[in-house]
Amino acid sequence: MVAQDIAKQQETGSASIGSSAETTLRISGTDKAFGLLAVLGLLVISLILQHEVSTQKAILFLVGAGLGVSLFRSLIGCTGGWRRFIRLGRSDAVRSHLLLLAGLSIAFFPIVGAAFPDIQASAALGPVSLSVLVGALIFGFGMQLGGGCGSGTLFTAGSGNVKMVITLIFFIVGATIGSLHLPAWLELPNMGPVSTVNAVGWPTALGVQLAVIAALYLWVRRIEARRCGDVLDIRAEDGPQMPFIDRLIFGPWPLLWGVIGIAIFSLLTLLIAGHPWSITFALGLWGTKIAAALGFDVANWTYWSSGYPALALQRSVLEDTTSVMDFGVILGALLAAAISGRFAASQPIKLNALVLAVIGGLLLGYGARLAFGCNIGGLLAGTATGSMHGWLWLLAGFTGSWIGVYARIWFGLDGPMEKKNG
């Protein structure tokens, strides 16, 4: 997720919001053109999926679009949200993430714990391993350099940020290389998957998880109160007051709205697809298909030689759920940006930011593949379904992000750290 303090830089387009009694929009021709492109893309791809693949894939594509709208509207970001917490002590985004995790845990634990036999859904289990530890550390570092994480790269690229398009391209390259190297990494210390739901049952596992989340919530809130003298309300609306329907359509949304939107569409993903929302597999798949087209013998790469990866490599990307949903996120964000006059295709890019977008993208892709997912498929989906590798991801990913925050200062992307209060 791209952070509020980065994404708000895109909000200098031609759209303006009036008072609560009246909403006035000034949308440029570029916004209108890309808005039309987004609508046509959503319509055409939905029809193709429904006709050529399945109704399920068409619905999941639209669910992905809903996630893209929710992400862009609320700007509920790991990248900038974690950076704000590290630099300033502001925990509003971090608290939103914890609230989202708590809500998804309450919904997901009974489902993956077979409390509802008629619902077939699997957990996002990954190994507790050195691969996850190193991969998440690399990912956390890379998302600070690149300016976005898994979902953030998709929705910000979709909203017209050229720098993030570059980050996405090299994210794909990094994920492809990571899939080639992953088998060797898995030979290193590895405890295998550990499911708290399977170990102690979903009610006990859920109780412990919620207690941990509550403790973290109170801890980060206390840090914000001590360092900043106040605590930001995640229900607060940014900008001028406006009617509910106008804010819903044109944004920006309060962080709490983003939590609700992402939670709803994440639950729909689990119920319809049978597994949690994820992102990274598709990017590695796209890159590997491109490598195959360029003449590389990818079928003999261990990761792509058996199981679902081998099947996905042989089939169209439109038959892969993760790919379909990634396309939906991009187009959903494009539509949300265009109808609010915030499409940012003409944004200038500095040379150092361009270089770091390349490096950050490579680290994001490589790290996500080693860590069995990005901040969505590894962290959020893992922890929300009781996989211990998700908590390992959180620890390592935040540590890498902390290092990345200081690296941004060294590379000239940010100013010096502000002194702490108190």
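Residues numbered from 1 in each chain as written. Predicted model: local features only at pLDDT ≥ 70, side-chain atom pairs only at ≥ 80, totals over all residues. Heavy atoms only, no water.

**Let's talk about the pattern of salt bridges**
- Evaluation of the coordinates by the stated rule reveals 9 salt bridges.
- Of the charged contacts, one joins E224 and R95 as a salt bridge, the two residues approaching to 3.1 Å between their closest N and O atoms. Here E224 is found in helix 10 (residues 202-228), whereas its partner R95 is found in helix 5 (residues 92-112), with 129 residues between them in sequence. (Salt bridge = Lys/Arg side-chain N within 4 Å of Asp/Glu carboxyl O. Helix = DSSP H or I, 4+ residues; strand = E, 2+ residues; numbered from the N terminus.)

**Quick look at the nonpolar core**
- Core analysis: the biggest nonpolar cluster contains 71 residues, and F139, W277 and L283 have the highest contact counts within it.
- Once residues within four sequence positions are removed from consideration, F139 is found in contact with C149, G150, F171, L363, L364, G367, A368, C374, N375 and W393.
- One finds A38, L42, A58 and L335 within the second-largest nonpolar core, a separate group that totals 11 residues. (Core = buried A, V, L, I, M, F, W, Y, C linked by side-chain atoms within 4.5 Å. Buried < 20%, exposed > 50% of the residue type's maximum accessible area, 1.4 Å probe, protein only. Contact = heavy atoms within 4.5 Å.)

**What about the confidence of the model for the protein?**
- Residue-level pLDDT values for the protein average 90, and 92% of them are 70 or greater.
- Predicted confidence for residues 1-24 stays below pLDDT 50, and this span has 88 contacts to residues more than four positions away or in other chains. (pLDDT = per-residue confidence, 0-100.)

**Details of helix 5**
- Under the 1.5 Å per step criterion, the end-to-end length of helix 5 is 29 Å for 21 residues, consistent within 8% with the ideal 30 Å.
- A large share of helix 5 lies buried, amounting to 17 of its 21 residues.
- Positive backbone phi, at 65°, marks A114, one or two positions downstream of helix 5. (Expected span 1.5 Å × (residues − 1).)

**Things to note about the environment of W257**
- Tracing the backbone through its elements, the reader meets W257 in helix 12 (residues 255-273).
- For the pair formed by W257 and I76, sequence separation is 181 residues and the distance between their alpha carbons is 9.5 Å.

**Considerations on the packing of aromatic side chains**
- A complete count under the given rule lists 15 aromatic pairs for this structure.
- Each ring, one from F85 and one from W219, has its centre 6.5 Å from the other, and the planes form 70°; the classification is edge-to-face. With F85 in helix 4 (residues 79-88) and W219 in helix 10, this residue pair connects regions lying 134 residues apart in the sequence.
- For F85, a relative accessible area of 7% corresponds to the buried category.
- Members of the aromatic cluster, each reached through a chain of ring pairs, are W82, F85, W219, F398 and W402. (Phe/Tyr/Trp six-rings, centres within 6.5 Å; stacked < 30°, edge-to-face > 60°.)

**Overview of the packing of helix 2 (residues 29-53) against helix 3 (residues 55-74)**
- Running from N to C, helix 2 and helix 3 cross one another at 155°; their axes reach a closest spacing of 6 Å. In terms of orientation, helix 2 lies roughly antiparallel with respect to helix 3. Between helix 2 and helix 3, the contacting residues are G41, L42, I45, S46, L49, Q50 and V53 on the first element and T55, K57, A58, F61, L62 and A65 on the second.
- Of the residues assigned to the contact of helix 2 with helix 3, the class counts are 8 nonpolar, 4 polar and 1 charged. (Axes fitted to C-alpha atoms, helices over the stretch in contact; angles between N-to-C directions. Parallel < 35°, antiparallel > 145°, perpendicular 65-115°, else oblique. Nonpolar A, V, L, I, M, F, W, Y, C, P; charged D, E, K, R; others polar.)

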